[in-house]
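Spelled out, the chains give:
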Amino acid sequence: MGTAANQGRARDMKARAIRIPRDALILNPERIARAVENGMQAAAEGVRADFYATTNTWERGVSFTISRPGAFRRIIGTDDEIWTMLNQGTKPHLIYPRRAKALAFATGGRAKTKPRVLGSSAGSQGSTFVTTRGPVQHPGTKAREWDTTAQKKWQQELATVVQRSVDSEV
Amino acid sequence: MDERLRRLIIRMLARIGGAMDALEAERITPQQWAAQFASVLAQGHADALRAGGVNPASPVGRAVLTRTVATQLHFLSGFQAVIEDAPQFERGWKARAGMYAESVGAPYWAGRTKLLPLPALPKDGSTLCKTRCGCAWEVQQLEGDNNYDCYWRRGKRDSCSTCIARERAWAPLRIREGRVI
């Protein structure tokens, strides 16, 4: 399983044993396969819900999809540019007025999201308004790293989720 | 919170409280406390699984119990190390011990959800509110073989981001012919 940005890291995760009851399942590969598929899909649903949690307080709707590129594989992704930008972060950069003659922005606000937290809060816009004609040095945006955070969390949960699927087949 | 689960947690809190009082009064050693605590956990998880509708002595019941209790024993060994290293009893330990009572939610919900292949269970620690989660699964069995609609229902006092998102995303989570779709 992977998120769109970092499927490669899954290889670094330590495996945890899953117990398959000898009498009930070991000679039934179809049911074992269904259990693993169910576990993968359930874990993917968990990742997707965690991604939704990062946008709970956003005014704009963001949707996430689960795709199945092959057996026992899932990719959870979005085409939302803002979510992707926050997830990856930005470097410091200059901002120029483009359509207007000056830039206007508020300072002292609080972001709705934090790095490596799969959730979102109300945030605040800030109360000190600044207007300037010249370019402004934006300090950049700290990467939220939601994809790696969710992957780390659900790689740990995966064994439990798959085991639950195996249990459901007994 | 589910009333039956609430009663199970209260009973667990009383048993855990007894063990902590004995430790504080130095009637038992930390090693004896750990053994007593482990026994309370095992009994509590078995009671919870039974209350959820699964026989703890059945093969699948034993498998579920082995895992849920083992998870808690892993945490307990860390707690025991802290206690053994401390010069005296600390007040915060009672609150820490009390959190173990909430862990009976995992076997309880495993039973209540008919051991369906669900992504998560309330109180399993996968939400931002961790074991304090007061949410519930509502499972509706549909016509046909192994068809279910499963709704994550948020508790009245649950406002953590994960629970809000799950309520929205899993409304319902569909299982058709035994497959999560």
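Here is a short report on the structure shown in this document.

Rules behind the numbers
- Residues numbered from 1 in each chain as written.
- Chains lettered and ligands numbered in written order.
- Predicted model: local features only at pLDDT ≥ 70, side-chain atom pairs only at ≥ 80, totals over all residues.
- Pairing = 2+ DSSP bridges.
- Helix = DSSP H or I, 4+ residues; strand = E, 2+ residues; numbered from the N terminus.
- Axes fitted to C-alpha atoms, helices over the stretch in contact; angles between N-to-C directions.
- Left-handed = near helix turned anticlockwise from the far one by under 90°.
- Contact = placed C-beta atoms within 7 Å.
- Nonpolar A, V, L, I, M, F, W, Y, C, P; charged D, E, K, R; others polar.
- Buried ≥ 20, exposed ≤ 12 C-beta atoms within 10 Å, placed from the backbone.
- Expected span 1.5 Å × (residues − 1).

Quick word on the sheet that holds strand E1 (residues 136–141) of chain B
All names here are of chain B. Across the sheet, which stays open at both edges, the 4 strands sit in the order E1-E2-E3-E4 with antiparallel pairing between neighbours. With partners counted over all chains shown, the strands left at the sheet margins are E1 and strand E4 (179–180), one partner each. Direction of pairing for strand E2 (residues 148–153) relative to strand E3 (residues 173–176): antiparallel, over a ladder of 3 bridges. Along E3, the bridge assignment pairs cysteine 150 with leucine 173.

Side note on the packing of helix H2 (residues 29–53) of chain A against helix H4 (residues 146–169) of chain A
All names here are of chain A. At their nearest, the axes of H2 and H4 sit 7 Å apart, and the two run at 145 degrees to each other. Along this stretch, H2 crosses H4, giving a crossing that reads as right-handed. When H2 is examined against H4, the residues Arg31, Arg34, Ala35, Val36, Asn38, Gly39, Ala42, Ala43, Gly46, Val47, Asp50 and Phe51 are found in contact with a partner set consisting of Trp146, Ala150, Trp154, Glu157, Leu158, Val161, Val162, Ser165, Val166 and Glu169. A class-by-class count of the residues in the contact of H2 with H4 yields 13 nonpolar, 4 polar and 5 charged.

Digging into the environment of cysteine 150 of chain B
Residues and elements named next belong to chain B. Considering the arrangement of structural elements, one finds cysteine 150 in strand E2. For cysteine 150, a count of 21 C-beta atoms within 10 Å puts it in the buried group. Sequence-wise, cysteine 150 and tryptophan 170 are 20 residues apart; in three dimensions their C-alpha atoms are separated by 7.1 Å. If we ignore the near neighbours within four places in the chain, the residues touching cysteine 150 are Leu116, Leu118, Trp137, Val139, Trp170, Pro172, Leu173 and Ile175.

Some details on helix H3 (residues 59–85) of chain B
With 27 residues, H3 of chain B should reach 39 Å at 1.5 Å per residue; the first-to-last C-alpha distance of 39 Å fits that figure. Looking only at H3 of chain B, the buried set comprises Val60, Gly61, Val64, Leu65, Thr68, Val69 and Gln72 of chain B. Against H4 of chain A together with helix H2 (30–51) and helix H5 (105–112) of chain B lie the buried residues of H3 of chain B.

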